[in-house]
Amino acid sequence: MLVLVAPGQGAQTPGFLTEWLELPGAADRVAAWSDAIGLDLVHYGTKADADEIRDTAVAQPLLVAAGLLSASALGEVAPGAVAGHSVGEITAAALAGVLDETAALSLVRKRGLAMADAAAVTETGMAALLGGDPEATVAHLEKLGLTPANINGAGQIVAAGTKEQLAVLEGDKPEGVRRVVMLQVAGAFHTHHMGPAVDTLARAAEALTPGDPQLTYVSNRDGGTVASGAEVLERLVGQVANPVRWDLCMETFKELGVTALLEVCPGGTLTGLAKRALPGVRTLALKTPADLDAARELVAEHTA
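In what follows, the accompanying structure is described. (Residues numbered from 1 in each chain as written. Predicted model: local features only at pLDDT ≥ 70, side-chain atom pairs only at ≥ 80, totals over all residues. Heavy atoms only, no water.)

## Here we look at the environment of Phe189
The test is simple: By definition, any uninterrupted DSSP run of H or I lasting at least four residues is a helix, any uninterrupted run of E lasting at least two residues is a strand, and each is numbered from the N terminus. Contact criterion: two residues are considered in contact whenever any of their non-hydrogen atoms come within 4.5 Å of each other.
Assignment of secondary structure puts Phe189 in the loop between strand 6 (177–182) and helix 9 (195–206). As for Phe189 and Val42, which are separated by 147 residues in sequence, their C-alpha atoms are 26 Å apart. Not counting residues within four places of it along the chain, the set of residues in contact with Phe189 comprises Gln9, Thr56, Met115, Met126, Ala149, Ala160, Met194 and Val240.

And the structure:
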């Protein structure tokens, strides 16, 4: 059984769309998406520097566009399940048929703008903690006023809060944590700091007519599977101010009997977590079109 997964913010790198846009029809397709949402995805995916694509309002639609483009380049794929990390959940919703591609990109454009506005209110950020006991780490973070915004499994928890709180964390790590790595994101996502963005996204969602998932859709909220398009959309709205439970998503992959995990572009982050948390599960990350042949072989081996 194959699960198709989509990464979240921070996975983007300068120029990562360049080779993908050389595929037949790809540049025209991304140009059309750019026109639809009022953002030059071609420029940002090929010529923009790291600071430009770190901007939340740019990074989020860019990631969803990359995920959809790379997934379509695979050809016909019928995975047993789909999931996405944070903004990757919108990619997963489109892959599952909950939203069409234009609706997904329009929603993520509004999400990115709203989260950027919320992040501008207070100087905040996020940091990955590697190692340590999860319960002890969460308790320590809460003592410092930080939120365990991403509980990713495989010995990784991401803390979010103000720059001052994160500075204290660097000098006061939880017991057993080997490293604290500041992330290249522009806000404390999945925390109360994103409250204003929830209201904006809820209004945007009211204009959408979601379909029910045509594939098993695994949710970040609790690792549960969701069969209603309306509920997927409701969860996408609330998700911006609530923790991502990728650890529980991976537990669900185990329960579903997943034997292979394929991560759409810009892949790498989620396959890295899966290698540690899902022993025996084959993994492959789509980074460039050169990975497509191997990905198609994996799909053929692990789908009915």
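## A look at the nonpolar core
Put simply, the test is: Nonpolar cores were defined as sets of buried Ala, Val, Leu, Ile, Met, Phe, Trp, Tyr and Cys residues, with membership established by side-chain atoms within 4.5 Å. Whether a residue is buried, partly exposed or exposed follows from its accessible area with a 1.4 Å probe, protein chains only, as a fraction of its type maximum: under 20%, in between, or over 50%, in that order.
Tyr217 and Leu262 are the most contacted members of the largest nonpolar core, which has 77 residues in total. In this structure Tyr217 touches Val82, Glu89, Ala92, Ala93, Ala96, Gly224, Thr225, Val226, Val232 and Leu236, once residues within four positions along its chain are discounted. Listed in part, the 18 residues of the second largest apolar core include Ala81, Val218, Val244 and Leu278.

## Re the layout of surface pockets
Quick reminder of the rule: The way it works is a 1 Å grid over only the protein atoms, where trapped points that fit a 1.4 Å probe form a cavity and open points with protein on both sides within 12 Å along at least five of seven lines form a pocket, and then any residue with an atom within 4 Å of a point lines it. Grid points are joined across faces, edges and corners, and a volume is the space filled by probe spheres set on the points. Charged means Asp, Glu, Lys or Arg here, nonpolar means Ala, Val, Leu, Ile, Met, Phe, Trp, Tyr, Cys or Pro, and polar covers whatever is left, Gly included.
In this model, the largest pocket occupies a volume close to 500 Å³. Every residue lining the largest pocket is counted, 28 residues in all, and those nearest its centre are Gln9, Gly10, Ala11, Leu183 and Val185. For the lining of the largest pocket, the secondary structure elements donating two or more residues are helix 3 (50–54), strand 3 (124–131), strand 4 (147–153), strand 5 (156–162) and helix 12 (269–277). Per-element accounting of the lining of the largest pocket gives the leading share, four residues, to helix 3. Of the residues that constitute the lining of the largest pocket, the class distribution is 14 nonpolar, twelve polar and two charged.

Function cannot be inferred from these measures alone, as they are strictly geometric.
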